[in-house]
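# Summary of the model geometry
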Amino acid sequence: MKKRKEITDKIVKQILFFAAILCASFIILIIIFILIKGMAPFFKLYDIGGGFYKVEIGQFIIGSEWYQYPNIYGVGYIIIDTVYVVLQALVIAIPVSILTALFICKIAPRILSKILINVIEILAAIPSVIYGLFGRGVITKFVIWIGKIFNYQTTGGKSALAISIVLAIMIIPTITMLSETAINAVKQDLVNASLALGATPTQTNFKIVLNSAKSGIFSGIILGVGRALGEATAVSMVAGNAGSGPSFNPLDISATLTSTMLQGIHETTGLDYDIRFSVGIVLIILILFSNLILNIIRRKIKNA
Amino acid sequence: MRKIKDNILNAITYLCALFGILILVLLLIYIFSTGASVLSFKLLTSDYESESYSLVMPDEYTYVLNTYVNSNNSANFSTKWGIELADECNTEGVDIVTITYIDEKSPFMNLIQNTNKTSYKIAIGSEITTMAVYDDLGNYISVLTNKGAAKAISYLDQGTSIYSVNIQTGGGGIRGSLIATLLLIITTLVLVIPLGVMAAIYLNELAKPGRITNILKSMIDMISGIPSIIFGFVGLLIFVPFIDNTFSSSGGSILSGALTMSVMLLPVVIKTTEESLKTIPNSYRNASIALGATKTQTIFKVVLPNAIAGILSATLLSIGRVIGESAALIIAIGTVVKDKVTLTGTATPLSVHIWTIMQGENPNYEVACAISIVILSMVLILNLSVKLLSKKLNKGEAK
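Residues numbered from 1 in each chain as written. Chains lettered and ligands numbered in written order. Predicted model: local features only at pLDDT ≥ 70, side-chain atom pairs only at ≥ 80, totals over all residues.

To continue, consider the overall build of chain A. Along the backbone of chain A there are twelve helices and four strands. For chain A, whose C-alpha radius of gyration is 24 Å, the value lies well above the compact-globule estimate of 19 Å for 304 residues. The principal-axis extent of the C-alpha atoms belonging to chain A is close to 85 × 80 × 35 Å. Residues classed as buried in chain A amount to 46% of the 304 residues present. Long-range contacts, defined here as pairs at least 24 residues apart, represent 70% of the contacts in chain A between residues at least 6 apart. (Helix = DSSP H or I, 4+ residues; strand = E, 2+ residues; numbered from the N terminus. Rg over C-alpha atoms; globule rule 2.2 N^0.38 Å. Buried ≥ 20, exposed ≤ 12 C-beta atoms within 10 Å, placed from the backbone. Contact = placed C-beta atoms within 7 Å.)

A few words now on the packing of helix α5 (residues 128-149) of chain A against helix α12 (residues 350-358) of chain B. Put simply, α5 of chain A and α12 of chain B touch, their axes get as near as 9 Å, and they point 25° apart. It follows from the interaxial angle that α5 of chain A and α12 of chain B lie roughly parallel. Along this stretch, α5 of chain A crosses α12 of chain B, giving a crossing that reads as left-handed. Between α5 of chain A and α12 of chain B, the contacting residues are Val 129, Leu 133 and Arg 136 of chain A on the first element and Ser 351, Ile 354, Trp 355 and Met 358 of chain B on the second. (Axes fitted to C-alpha atoms, helices over the stretch in contact; angles between N-to-C directions. Parallel < 35°, antiparallel > 145°, perpendicular 65-115°, else oblique. Left-handed = near helix turned anticlockwise from the far one by under 90°.)

Residues and elements named next belong to chain A. Mapped onto the secondary structure, Thr 174 falls in helix α6 (residues 160-184). You can call Thr 174 buried: it has 23 C-beta atoms within 10 Å. It is 9.8 Å that separates the C-alpha atoms of Thr 174 and Ile 222, two residues lying 48 residues apart in sequence. Setting aside residues up to four positions removed in sequence, Thr 174 forms contacts with Ala 124, Gly 220, Leu 223, Gly 224 and Arg 227.

All names here are of chain B. Relative to the assigned elements, Ser 106 resides in the loop between β4 (95-102) and β5 (112-113). You can call Ser 106 partly exposed: it has 19 C-beta atoms within 10 Å. Measuring from C-alpha to C-alpha, the distance between Ser 106 and Val 64 comes to 9.6 Å, with 42 residues separating the pair along the chain. Not counting chain neighbours up to four residues away, the residues in contact with Ser 106 comprise Tyr 68, Trp 81, Gly 82 and Ile 83.

All names here are of chain A. It is the contact of helix α3 (residues 76-107) with helix α9 (residues 214-230), at a shortest axis distance of 10 Å, that shows an interaxial angle of 140°. The angle between α3 and α9 falls in the class oblique. Taken as a pair, α3 and α9 cross one another with a handedness that is right-handed. Only Ile 217, Ile 221, Gly 224, Val 225, Ala 228 and Leu 229 of α9 make contact with α3, whose side of the interface consists of Thr 82, Val 86, Ala 89, Ala 93, Ile 94 and Ile 98. Looking at the contact of α3 with α9, its residues break down into ten nonpolar, two polar and no charged. (Nonpolar A, V, L, I, M, F, W, Y, C, P; charged D, E, K, R; others polar.)

This next bit is on the nonpolar core. Membership of the largest hydrophobic core comes to 177 residues, with the highest contact counts inside it found for Cys 23, Val 166 and Leu 167 of chain A together with Ala 199 and Leu 266 of chain B. Sequence-distant contacts of Leu 167 of chain A, that is, excluding residues within four places in its chain, are made with Val 85, Val 86, Ala 89, Ala 228, Glu 231 and Val 235 of chain A. Ile 83, Ile 128, Val 143 and Ile 162 of chain B belong to the second largest nonpolar core, which has 19 residues in total. (Core = buried A, V, L, I, M, F, W, Y, C linked by C-beta atoms within 7 Å.)

Residue and element names in this part refer to chain B. Per the domain assignment, the segments making up chain B are domain 1 (44-168) and domain 2 (175-398). On a C-alpha basis, the centroid separation for the pair domain 1 and domain 2 is 49 Å. Between domain 1 and domain 2, the residue contacts involve nine residues of the former and eight residues of the latter. Residues that form the side of domain 1 that touches domain 2 fall into these classes: two nonpolar, four polar and three charged. (Domains from an automatic or database assignment.)

Below, the discussion takes up unusual backbone geometry. Residues and elements named next belong to chain A. Backbone geometry at Asn 151 places phi at a positive 60°, although glycine is not the residue there. Looking at Asn 151, the number of C-beta atoms within 10 Å reads 6, which means it is exposed. The backbone of Asn 241 shows a phi angle near 45°, a positive value even though the residue is not glycine. If you trace the backbone, Asn 241 turns up in the loop between α10 (233-239) and α11 (257-262).

Here it is in structure tokens:
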């Protein structure tokens, strides 16, 4: 009797262990499969119109044109465009998020801060395809209007500016929520000391509270950057998918790594299909790289 | 001087805080003002693809003069033909003429399909695209439907026999996508909840704290850092061929989408479950073991029942994520809107349906916004439930 119980215990433990191993192994599976498929265009020969071609890896990385028959693919300008729109988005999102968080935690009356917390949570819950729809229906109109002011004919409002605004809206909740946590964690003693020294509440908020919360706020920014780089649907709906670049005109059509991967994925085969996995590798590397750099900066800020 | 500076800084803070509210209000106004007009029960229950039928009268049919009773006192009722028409607006916002009533003895009940000569019962609500009749003298009269129902009736009443009737059923609806979303949610939950809960139990209850456990945990954490579009590609690479081979289907399917979503949601489910496992006091476990229960019995009879709230909130979070996810599903399932939804066939969940109708030259903003209203209300209800649940959970803890 006792033995049977021991055996069941062992079996159950084995099953649960297997489940845990299975869950953990997915990450390896993902990396291996994407790597194999994504590296293929640089090593395998593809039959295109009778000839056999592969893609030059150097040309792929610095290329300024997405596609040229038969085997020229360039992703360099797309990397620059992606970084450019994400930076633009950050310029909008960082001040708005930090000040919103400050407002919620330190300035607003209780009711207002509760409302704002809920608003931010709802914004975080809205699916990206709806942001894309909003971008397509409203923000592109706004871009067209700006274009008119500068006497510039936009491509139906699809532009780098539209992408940055949509991305900014999408990462504001992320950064705001983490900033809130960071600001709430600032010790009241510090605030009291500042007030006792004769600083006004506003001075205290900006010079003491934000300064002590900067490390936590920076974690929010890191998460926001990750989300912005990986966002696909909303971006694709307002990007316009520029075929060449880079272009630094905010009113011009643009392309991001994700929008390039997503466009027409179901209509292609062969090299044109496989190359999207290579773009996927570039995207993962870009996200890891930006994470690394931002984390180094965060450590510097924390120690300063 | 200091006061002015403070006021300026404060004003900027107020403006920034307003920005979030402004965006939400703008978004809601846009979605509701565009989508509310086409959001109807009909949109939710009708098919996406419309089907056209060309109907004719069988040769052997003899017309009997009859006066039909206009029981509804409708203005657009033909007492001669026993048929009532109405002006309507289809899901794309185009004015059409539809059939709202047919008398049982009406000649319209005897129409057959032109292609295979089988009888066809006209469904109420079908759109009449074109119609032609003959009058007494054998003159051909085209019944124009583009000038409204009243005009069509007046043309129709001039005729005495039917030459042809072309009708079209519904179309533009989202019934298929609604079903696909439900199926996707169910299959994803069936896959991810047991696996995630099992892994969480192992990591929290059985695993010895140490290097291997930490490595396993950080590997699961890494999954959550991968953008959703990459999951789509993984699904396309691993799960689509797997499902195709197992069920001899072709291309993306709801099952492959569900597998993809499961991998994506694993970290969420494991984390949420683990958190609720951690709130269970150790005294519970010790008491159970002290009473002579085995580890297995303790897990299934003491630990799991106490973690049920956490598992429930993991479920709700997963449902929300499945409803909102688009990028991964566009790739792992496909973008072809289907009316007949099967687990192994391609179909579009609601979010991908939006993506599909937004492609092309003339995006259908109205229907896209109507679907958005549906998605938004589902997501908001789910979020509210999670909030209430966690509130209840915290209360239980405080006791």
